[in-house]
Structure formats: structure tokens, C-alpha cells
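# Residue-level structural notes
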Amino acid sequence: MNFVSWAFAALFLVVFLARLTVGRRKVESPYVAVLLLSSLVFYGWHVPAYLLVLLGAALVDYVAAIAMGGLAPAQHRRRRALLVASLVANLGLLAFFKYGTFAAQALEDLAALTGGSLRLPALNLVLPMGISFYTFQTLSYTIDVYRGELAPVRNFWQFILFISFFPQLVAGPIVRASEFLPQMARPRRLRLRVFYEGVWLVIAGLFLKMVCADNIAVYVDEHWHRGYAPGADATMSLWLGVMFSGQIFADFCGYSTIARGLGYLLGYRFPINFDAPYIAATFKNFWERWHITLSRWLRDYLYVPLGGNRGSRARTFVNLLTVMLLGGLWHGAAYTYIVWGAIHGLCLALERTLQLHRRDGAYRAPWVRGAWALVVQAAVLVAWIYFRSDTVAGATTFVANLAFGAWTAPTGWMLLSLLFLLPVATMHLHTWLQEHQRVGPLGAGAKAALAAGMTYGILSLYGGTSDFIYFQF
């Protein structure tokens, strides 16, 4: 079951009818029970046993937070021990399911490099959907309680709803307890303005997913292997890189947008997760626009505790590289994701060295800023090639073809396929024009017209797949 399935449509229809009929203020227990039950049904649809993983992790954090809340701030050791228990439980589950096979393979590779031979049993585990996302949500909760920034939740079922709320459970946005829990006590009467905004977001997200991402995926999946062939032409390699850059944006931004729209319709607001990342002129700004909730999580719970940029320049670089390497590993248990993270970490460090991350930096000349913006987007594209590839060697050959291959004229079907990138480019252009005060935000009439056009596209131009890329993470 996913957002573009009939089973999900039926489930959401039942929940939305409850939104219209159960309770007056939508804070009553029956309405909360409907949301909780539907969330658990949604998560357990594929592998019901993995509900035990989610509920087990949530129970550990619930108990740890309650216990921390009962201790005085001066009892540092006991509070820290409870936090460590929460971290070990959550990260232990994540490591077991997501990185067990990868760790075994890494040990075998290390043994081979040293001349030995090691064969470990393969776990072959099915990864629980969304484990990376809800693990980060629960960790943020216990860390905030430990820091004294958040009071522990006493109602266990409200806490479970925070962890399992189905619109954003399996692929984000990563919603923190401080953003979600206060909304549970707020009356949520359905207003037309909120309803229209929710429908607009759902339609926009479905269009990005079903029309843009799914049609692009057909081309990328069919031709990606051609980039691995030594001596492949640069035109094909560039076309594939650009197409996948558009696909992963449309796929993930589409999911996040649908999730935000569903949240609106059910009375909850989620944070924005994407803000036209391909107009970013610096690597720092790219990560302020791409997967924003993950970027902020890594900043607040990893980069700042490591010391951020408060120490020496070398220490700052180590912190940046550490965060991005872990960010790459968070996406998947493969060397290609580690390389992807390393590219971004090194680029962030280089940018800071050159002081190009600052708007008031020494290099203010427009041509320098423009040239660096091209470097940023070129590096982002190269990093996506590693992200999409099966092996580091294959991705490196792919990049070599892009850099040194012969340039040929693009074929007609290659040019035609770029039409599915046009909505993505238009979105980015509109955001750029709006940020530079050339145009205003879309009005109600413009949104209605665009929604009608996108609905027609969803019904007539949908692509050949319904899988969300980020479900695997």
C-alpha cells in the first residue's frame, strides 16, 4: 500500500470521513483512535510483524522519557544513562536491520584486502519501511527531553500516534515531537481554506510523482546501465544524470508534498521538506533546500553537538565530513551512499575554506557567484550518479564518460523525454523569481487552474511505476 494505490485511497477515505463526523474539535479520543488504528494498519500492511519493531522502539523511548522527566536536572548520570539506553535500542535496531548485511560484507572485503578469507552468513532481512525516518523522530524526542527542551508525553497512545502517523511515517518529512505533539491538543475544525490547501498539495504531489518522476523513471531504468560502459558518450551520460536529478526530486518532493496535503486534510501541519534545491548557489544553501527536515536534524543533533564551527578550521572540516558521511550512510548500506556523502562533505569544507558559503563573503563579484553556482550544481549531479549506481566502480566509469567522453547530438527521444522535466524546471524558476521579487505567490485562481491541469495529467499521463524511491530508506 502506498499513496498511489487504491488500497490507500480506500483507507484515507475512511479516515477523512471520520475527520468529518467523529468529534467536534477533533481532539476527542475516538478521532485519535481512528488516526492511530489507520496508521498501524497502513504500516503493518506489508509485513505485520514489523509493527513489533516500531512499537518496541517507541515503548523504549516512552519509558526512558518518563523516567528522565522524573529526575532532577542535577542527576546527570542517571539521565544520561537513560538517554544512552534509548540511543542504543533505536540505533541497534536500525543497525541490525539496515546495516547487518553491509557490515558482514565490509568485514569480508577487509579480510580479502589483508589476504585472508572470511565468509559470514547473509541475513537477507526485509528492511522495515521508514525505519530511518521514525528512528530519527524518536531520537529527537528523547534527546529533547534529556536537554529539558520538551516535557515527556504521559499518554502512551498519543506518543504512538506521533511515531506512527501514516501520512509521513515511511518517507518523511521528519517531524519532531515539538512540532507534532502540541497540535494534538489544538481544535482542528475543518475550514475551507485549509481543505483547499490540502487538496492543492495532494494534487501537486501526485503530479510530481505520477507524471514527472514515474515517466522519467522509465527512461532512467532502461538506459542507466549504458553509462557504465567504458567509452560511452558524454551526451548520454549527461542526459541520464540530469534525468535522475529530476526524478529523485520529483519523487521525494512529490511524496513530501502529498504527506503535507494529507496532514492538512486531517488537521495537522508538517514542515516543508523541499524548496527548489536546484537553484542553490552554494552547497550550504543546497542543504537548506534539499530534504530540509533531515538537514536540520543532522545540524541540531549531530553537527552542533560535535562542535559545529565553534572550534578550529580543521575541526569544523572534520565535523562537516563526519555529518555528511553519516548522512550518506543513513540513506543506505552501500559504499555508493558513503561516496555520495563524502562528495558533499568535502564540497562543504572547500566552500567554507573559500568563504563562498557566506552571503557577505569576500567574493561578492557576480561572475564568481555565478561560476560557483555552476560548480555546485555540477557536483550535485555527479554525486547523484554515485547515489543511483550499484557500485562505486560503475559510477566512477559513468563520471569519467561524462567528463571525457565524446559529445554527440542528442536523439529526438532524448529531447522529448526532457518534457517531463519541464514542470520541475518551472517550479524552480517560479521560486527563483519569487525570491527575487519578480513575481508574487500563486493566487487562488492560478492554483485552481493549475490543479485542474495537473489532475488531467495525473489521469492521462501517469508513468509506469508506483514505487517511491525513499521507501527503501
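Scroll up to find the structure this text is about.
Definitions and cut-offs
Residues numbered from 1 in each chain as written. Predicted model: local features only at pLDDT ≥ 70, side-chain atom pairs only at ≥ 80, totals over all residues. Heavy atoms only, no water. Core = buried A, V, L, I, M, F, W, Y, C linked by side-chain atoms within 4.5 Å. Buried < 20%, exposed > 50% of the residue type's maximum accessible area, 1.4 Å probe, protein only. Helix = DSSP H or I, 4+ residues; strand = E, 2+ residues; numbered from the N terminus. Contact = heavy atoms within 4.5 Å. 1 Å grid on protein atoms, 1.4 Å probe; cavity = no way out; pocket = protein on both sides within 12 Å on 5 of 7 lines; lining within 4 Å. Points joined across faces, edges and corners; volume = space filled by probe spheres on them. Nonpolar A, V, L, I, M, F, W, Y, C, P; charged D, E, K, R; others polar. Phe/Tyr/Trp six-rings, centres within 6.5 Å; stacked < 30°, edge-to-face > 60°. Lys NZ or Arg CZ within 6 Å of the ring centre and 35° of its normal. Expected span 1.5 Å × (residues − 1). Bend = angle between axes of the 7 residues up to and from the residue.

Core analysis: the largest hydrophobic core is formed by 133 residues, its most contacted members being F3, Y43, Y141, L161, F180 and W290. In terms of residue count, the dominant contributor to this core is helix α9 (residues 234-266) (17 residues). Leaving out residues up to four positions away in the same chain, F180 has contacts with L161, F162, F165, V175, Y268 and F270.

Here the largest pocket defines a volume of roughly 1100 Å³. What lines the largest pocket is a set of 31 residues, and nearest its centre among them are W200, M427, H430, T431 and L442. Listing elements by their share of the lining of the largest pocket, those giving two or more residues are α8 (192-223), α9, α17 (422-435) and α18 (444-460). Per element, the largest residue contribution to the lining of the largest pocket is 9 residues, and it comes from α17. By residue class, the composition of the lining of the largest pocket is 18 nonpolar, 8 polar and 5 charged.

Tracing the backbone through its elements, the reader meets W45 in the loop between α2 (29-44) and α3 (51-69). On the basis of relative accessible area, W45 is assigned to the partly exposed category, the value being 47%. Distance from W45 to N2, taken between C-alpha atoms, is 9.8 Å for residues 43 residues apart in sequence.

Take the packing of aromatic side chains next. Evaluated as defined, the whole model comprises 50 aromatic pairs. Judged by centre distance (6.3 Å) and plane angle (20 degrees), the rings of F8 and F12 are stacked. Separated by 4 residues within a single helix, F8 and F12 lie in helix α1 (residues 6-21), roughly one turn from each other. The same class applies to F8 as to F12, namely buried. For the cation-ring pair, K26 lies above Y31, with the distance from its terminal atom to the ring centre recorded as 5.8 Å. Sitting above the plane of the W330 ring, K98 keeps its charged end 5.5 Å from the centroid.

Over its 15 residues, helix α11 (residues 292-306) extends 20 Å from the first C-alpha to the last, a length consistent with the 21 Å expected when each residue adds 1.5 Å. Considering bend angle alone, the principal kink of α11 is centred on R299 and spans about 40 degrees. All of the buried residues along α11 are I292, T293, L294, S295, W297, L298, D300, Y301, L302 and Y303. Of the surrounding secondary structure, the elements contacted by the buried residues of α11 are α5 (131-147), α10 (283-289), α12 (313-331) and α13 (335-353). Just downstream of α11 lies G307, where phi reads positive at about 125 degrees.

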